[in-house]
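Below are the chains, spelled out letter by letter.
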Amino acid sequence: MSPKQPDRDAFESYLQSGSSLSRAYKATATETSPVELDTRILERARQAVHRQARAARSPFANNWMIPASLAALLVLTVGLVTFMFEFEKTDTPVLPETAPAPSLDSTLEEQAPLMRDKAREAYDMLRADQPVDQKATSKAKRSLVIEPPAASTPAVEGLTKTRRQSQKTGETKQMVPAAPEAASAQTADERMRSPASGGTATRTESQEMRPKKENRSLESEGALRDLDEASEVDEMMTPEEWLAKIATLRAQGKQTEAEASLAAFRKRYPDYPVDKMRE
Amino acid sequence: MHGEKSDEELMLAYGNGDLRAFEIVYERHRGALYRYLLRQCGKAEDAQELFQDVWTNLIRTRERYEVRAKFTTYLFRLAHNRVIDFYRKSANNPTSTSNVVILDGEGDSDIDELPASDREQPQQQAEFRRLGEQLLTAIDQLPAVQREAFLLREEAGFTIEQIAEVTGVNRETAKSRLRYAVAKLKVSIKDEVGS
């Protein structure tokens, strides 16, 4: 029988249990795994079970990445949203609606329209409320000299002195704020007029300070204190409000206070283009 | 209690954290698996390495174990794949003196006739009976695919269908391999008995 044509009967006999070949093999095949190898494998099996038990007690014990990732994501989201809110708030600053305060760098072209409107309002208010004494008005215009004093109090004192001097000489000494009796819009316009380039306003026009009402006394200490306090309040207002207040004072006949306030205004805003407001 | 359970039940229990169930499964099949690997690798150290790999793989996949087939089929399938990897690694090693044979695939009739690979004889062969020695020598000289078929039959107790499933061939190929192996071994024994 050729090896390539095995005995089918012999093979079938082998497949049945009890074959001599199988018995011979089982009698000789006694090798087994070494003890140390068995110990190593069983230890791995034990460790796997313990890891499994720990994971069962703490679901996230082996998955700490998940909650950590969620927490990090939450922190980033909150921080980003907060940042966006803050950024939007500060990104577009709200500008005040009032006109910008005059400064050395400002130009007449930028400030003129606002001041023009404010002056016009004061002018209209004055004209509407007060009868106009044309003579007094024109005289007041000519005599109006605006000289910003160093301080409000000295300016007031200067007022007094100058008035006295002018009374004596009958001439206009210089640029001394005067307080004509009739407060008029034209008078206010001339007072507000000042060089655009800044600097103290030195009146060069024919203006003489001739106080009409000499019986108004500014020598009293109480009046001076009042003027100082009023000046402090005036400086907290915007230029337009301040000028409007001056016009109101004139309309109310408080020429002295108006003049003092105007002097303080000129001191604070020497470059305020008052002239343009006359247009 | 565990001793009466099937291998599949014990493996499922181990997947649920029962260490004792694994110990029983390990004790049942460690010998057969070790000899299966030893007969095919030829060297004890190689067989031990493959042996550890197979059980480590089983431990790692314990939670995903599903009863789709007999546990022994699953176990020896793992071992068969490791042996294939071992043979391929040896084939890429030009210094190896072994005649390596790839055990997978169909149509390996030519491979059946290839001589067995050289292997180191275990030191324990002095203790075997002379017939046993001759039988082991004859097994050692079988072609790899025939040897594997015989070992799966003898060590794992597989049927021809199970041998076909583990080795990835059809039933007729598995049967043919086993038939050739048995015939050669019987001739060897008969010759030894005759002498």
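What you are looking at is a predicted structure, and each value in this text was computed from that prediction instead of being measured.

**Some thoughts on the overall build of chain A**
- Counting its secondary structure elements, chain A contains eleven helices and zero strands.
- In chain A, the order of α-helices and β-strands from amino to carboxyl end is α-α-α-α-α-α-α-α-α-α-α.
- For chain A, the proportion of its 279 residues judged to be buried stands at 37%.
- Taken as a whole, chain A presents about 16600 Å² of accessible surface, with 55% of it coming from carbon and sulfur.

**Digging into the overall build of chain B**
- Across its full length, chain B carries nine helices and zero strands.
- Of the regular secondary structure in chain B, the N- to C-terminal order runs α-α-α-α-α-α-α-α-α.
- The burial tally for chain B puts 54% of its 195 residues in the buried class.

**Considerations on the interface of chain B and chain A**
- With 45 residues of chain B in contact, the opposing surface of chain A contributes 33 residues.
- Counting each side, the surface lost to burial between chain B and chain A is near 3600 Å², with a carbon and sulfur contribution of 63%.
- When the buried surface of chain B facing chain A is broken down by residue, Gln 52, Glu 154 and Arg 179 of chain B rank first, second and third, together holding 17% of it.
- For the interface between chain B and chain A, the tally reads three salt bridges.
- Between Arg 30 of chain B and Asp 38 of chain A there is a salt bridge; the shortest N-O distance is 2.7 Å.

**Side note on the packing of aromatic side chains**
- Using the criterion set out here, one finds 21 aromatic pairs over all chains in the structure.
- An angle of 35 degrees between the planes, with centres 4.7 Å apart, marks the rings of Tyr 14 of chain B and Phe 22 of chain B as tilted. As far as the burial class goes, Tyr 14 of chain B and Phe 22 of chain B line up, both buried.
- A ring pair is formed by Tyr 36 of chain B and Phe 76 of chain B, whose centres lie 5.3 Å apart and whose planes are at 80 degrees; its orientation type is edge-to-face. Of this pair, Tyr 36 of chain B sits in helix H2 (residues 19-41) while Phe 76 of chain B sits in helix H4 (residues 71-91), and the two are 40 residues apart along the sequence.
- In this structure an aromatic cluster arises from ring pairing among Tyr 14, Phe 22, Tyr 26, Tyr 34, Phe 51 and Trp 55 of chain B.
- Positioned above the aromatic ring of Tyr 14 of chain B is the side chain of Arg 62 of chain B, whose terminal nitrogen or guanidinium carbon lies 5.9 Å from the ring centre.
- Residue placement shows Arg 179 of chain B over the ring face of Phe 11 of chain A; its charged tip is 5.3 Å from the ring centre.

**Remarks on the nonpolar core**
- Grouped together as the largest cluster of nonpolar side chains are 66 residues, with contacts concentrated most on Tyr 14, Leu 33 and Phe 150 of chain B.
- Among the elements that line this core, the one with the most residues is H2 of chain B, at 13 residues.
- Among the nonpolar cores identified, the runner-up in size contains twelve residues, and Trp 242, Leu 243, Leu 262 and Tyr 272 of chain A belong to it.

**Here's the deal with the environment of Met 11 of chain B**
Residues and elements named next belong to chain B.
- On the secondary structure map, Met 11 appears in helix H1 (residues 7-15).
- The sequence separation of Met 11 and Ile 59 amounts to 48 residues, and the corresponding C-alpha distance is 9.7 Å.
- When near neighbours in sequence (up to four residues on either side) are disregarded, Met 11 contacts Val 25, Leu 58, Arg 62, Tyr 65 and Phe 71.

**Here's the deal with the pattern of salt bridges**
- Enumeration according to the criterion identifies 16 salt bridges over all chains in this entry.
- Glu 172 of chain B is the salt-bridge partner of Arg 171 of chain B, the closest N and O atoms lying 3.6 Å from each other.
- Owing to a relative accessible area of 51%, Glu 172 of chain B belongs among the exposed residues under this scheme.
- Through salt bridges with shared partners, a single network forms among Asp 38 of chain A together with Glu 27 and Arg 30 of chain B.

**Comments concerning helix H10 (residues 239-251) of chain A**
All names here are of chain A.
- For H10, built from 13 residues, the straight-helix expectation of 18 Å at 1.5 Å per residue is met to within 8% by its first-to-last C-alpha distance of 18 Å.
- Of all the positions in H10, only Pro 239, Glu 240, Trp 242, Leu 243, Ile 246, Ala 247, Leu 249, Arg 250 and Ala 251 are classed as buried.
- The positive-phi residue at the C-terminal boundary of H10 is Gly 253, with phi of around 85 degrees.

**Section: the confidence of the model for chain A**
Residue and element names in this part refer to chain A.
- Looking at chain A, the pLDDT average stands at 69 and 48% of residues meet or exceed 70.
- Note that pLDDT drops below 50 for residues 170-186; the model gives that stretch 62 contacts with residues more than four away or on any other chain.
- Here residues 194-212 is modelled with pLDDT under 50, and outside its nearest four sequence neighbours on either side it reaches 73 contacts, counting other chains as well.

**Notes on the packing of H10 of chain A against helix H11 (residues 255-268) of chain A**
Residues and elements named next belong to chain A.
- Running from N to C, H10 and H11 cross one another at 160 degrees; their axes reach a closest spacing of 8 Å. Compared by their axis directions, H10 and H11 come out roughly antiparallel. Crossing geometry of H10 relative to H11 is assigned as left-handed. The segment H10 lies against H11, with Pro 239, Trp 242, Leu 243, Ile 246, Leu 249 and Arg 250 engaging Gln 255, Glu 257, Ala 258, Glu 259, Ser 261, Leu 262, Ala 264, Phe 265 and Arg 268.

**Brief notes about the confidence of the model for chain B**
All names here are of chain B.
- Looking at chain B as a whole, the pLDDT averages 82, with 76% of positions reaching at least 70.
- The low-confidence segment residues 94-102, where pLDDT is below 50, has 17 contacts with residues more than four positions distant or belonging to other chains.
- In this model, residues 104-120 is a region of pLDDT below 50 whose contacts with residues beyond four sequence positions or in other chains number 45 contacts.
- At the level of chain-chain contacts, confidence expressed as ipTM amounts to 0.81, with global pTM at 0.50.

**What to know about H11 of chain A**
- Between the first and last C-alpha of H11 of chain A there are 20 Å, a value that for 14 residues agrees with the 20 Å anticipated at 1.5 Å per step.
- Most of H11 of chain A is tucked away, with eleven of its 14 residues classed as buried.

Analysis parameters
Residues numbered from 1 in each chain as written. Chains lettered and ligands numbered in written order. Predicted model: local features only at pLDDT ≥ 70, side-chain atom pairs only at ≥ 80, totals over all residues. Heavy atoms only, no water. Helix = DSSP H or I, 4+ residues; strand = E, 2+ residues; numbered from the N terminus. Buried < 20%, exposed > 50% of the residue type's maximum accessible area, 1.4 Å probe, protein only. Areas by Shrake-Rupley, 256 points an atom, 1.4 Å probe, with all protein chains shown as cover. Contact = heavy atoms within 4.5 Å. Buried area = accessible area lost by both parts, 1.4 Å probe. Salt bridge = Lys/Arg side-chain N within 4 Å of Asp/Glu carboxyl O. Phe/Tyr/Trp six-rings, centres within 6.5 Å; stacked < 30°, edge-to-face > 60°. Lys NZ or Arg CZ within 6 Å of the ring centre and 35° of its normal. Core = buried A, V, L, I, M, F, W, Y, C linked by side-chain atoms within 4.5 Å. Expected span 1.5 Å × (residues − 1). pLDDT = per-residue confidence, 0-100. Axes fitted to C-alpha atoms, helices over the stretch in contact; angles between N-to-C directions. Parallel < 35°, antiparallel > 145°, perpendicular 65-115°, else oblique. Left-handed = near helix turned anticlockwise from the far one by under 90°.

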